[in-house]
Each structure stands twice: as C-alpha cells, then as structure tokens.
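The chain contents come next:
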Amino acid sequence: MTKEEILELSKKVSKNTLMETLDIEFTEVGEDYLVAKMPVTSKVHQPDGVLHGGATVALAESVGSLASYVFLNTDEFFVRGIEISANHLKSISEGFVYAKATYLHKGRTTQLWNIRITDEAENLISVVKLTTITLPKKKTNA
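Okay, so let's go over this structure. What you see as residue numbers is a count from 1 along each chain, following the sequence as written. Where local features are concerned, this predicted model is filtered to residues with pLDDT of at least 70; where side-chain atom pairs are given and counted, the filter is 80 or more; whole-chain, interface and lining totals use all residues. Values reported for side chains reflect all heavy atoms of the structure, with hydrogen atoms and water molecules removed beforehand.

Before going further, it helps to examine the pattern of salt bridges. Note on definitions: salt bridges are taken to be side-chain nitrogens of Lys or Arg within 4 Å of carboxyl oxygens of Asp or Glu. Tallying each qualifying case throughout the model produces one salt bridge. A salt bridge links K43 to D23; the nearest nitrogen and oxygen atoms lie 2.9 Å apart. Highlighted residues: K43 in the loop between β2 (33-40) and α3 (53-71) and D23 in the loop between α2 (18-21) and β1 (25-29), separated in sequence by 20 residues. Looking at D23, the relative accessible area reads 39%, which means it is partly exposed. Helix and strand labels come from DSSP, where a helix needs a run of H or I of at least four residues and a strand needs a run of E of at least two; each type is numbered from the N terminus. Here the term buried applies to any residue with accessible area under 20% of the maximum for its type, exposed to any over 50%, and partly exposed to those in between, with areas from a 1.4 Å probe on protein chains only.

Take a look at the structure:
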C-alpha cells in the first residue's frame, strides 16, 4: 500500500469508532512508523482542565493498533492489543498531541510498539508501550 492509501484507509476504518469520537486523525506514515494527532479540548479533559490520561492511552492504542494492521498481512490475520502501559510526564490543556508509533519488536505473533506522545512544540507528554498480537482469521469453506 502507498502512504496515501494507508492514510485513506485510516479515515475509512475510523468512521463511527472511538477514533472519530476523539477526533483522532492519522497524519503521517513511514516504512516502520505511523503518526496520529488528537485535539486537546474540553472533550478530552479531566475535571481540572488537563488532558485525561485515558484519552492519551486511547490515542496511543489507536495509532499502535492501526500500525500493526497496515504493516502486517491482515488478509490472513487480525490484530488485537493485549497489553498497554503509559507513563504520563507532562500535562497539556490545549492544542494538539501527536502519537508516533514505532516498532521495538516485530514478531510473527506479537509486536511491541513504542509510542511517544508529544505536543506541538515536541515536548514529551507521555511514553506508551503497546503489545499487539496477530491471530489467524478462521478459514471458511467456500
């Protein structure tokens, strides 16, 4: 798939999902990474007016899972997240956050993603690790 096809696919699969609810937009793709952005508005704030850690983790899992989906053979396999951990380092109350997912390990069955969440000035907001698993799709007798 070309970069343009991947970004178009990301728009299609985001319809009527949490990604659409959180206004997550996939913006950049490379040979081994995927980037998404999310606006920081009251919609994703904690009660005290800063970005909710759960919204940050939802952004991270969205970009990591979609990266697994586009970089693996999804004709034969489906992808699921199986573990996620996040360290929130800095708060933010407005603007955009960007999530860049890069491989730490690309195995046949499991993949480990490093996802850096930064603000518009490239300050590190959170560091997330996501483990995904690829499982074979069931064959149907046609």
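A few words now on the pairing of β2. The element β2 is largely enclosed, with a buried count of seven among its eight residues. Note on pairing: DSSP must find at least two bridges between two strands before they are called paired. As paired strands, β1 and β2 are joined by four bridges and run antiparallel to one another. From the neighbouring strand, F26 faces β2, where its bridge partner is A36. Hairpin geometry of β1 and β2 is characterised by an intervening segment of three residues between the two adjacent antiparallel strands. Across eight bridges, the pairing between β2 and strand β4 (residues 95-106) is antiparallel. Looking at β4, one finds that M38 is bridged to V97.

Another point: the nonpolar core. One finds M38, V97, I115 and I117 to be the most contacted residues of the largest nonpolar core, which totals 35 residues. Secondary structure elements with two or more residues in this core: α1 (3-14), β1, β2, α3, β4, β5 (110-119) and β6 (124-136). When neighbours within four sequence positions are excluded, M38 is seen to be in contact with L22, D23, I24, V44, L51, A55, L59, G95, F96 and V97. Remark: nonpolar core denotes a set of buried residues (Ala, Val, Leu, Ile, Met, Phe, Trp, Tyr, Cys) joined through side-chain atoms within 4.5 Å. Two residues qualify as a contact provided that any one of their heavy atoms is within 4.5 Å of a heavy atom in the partner residue.

It is worth stressing that arrangement in space is one thing and function is another; only the former is reported here.
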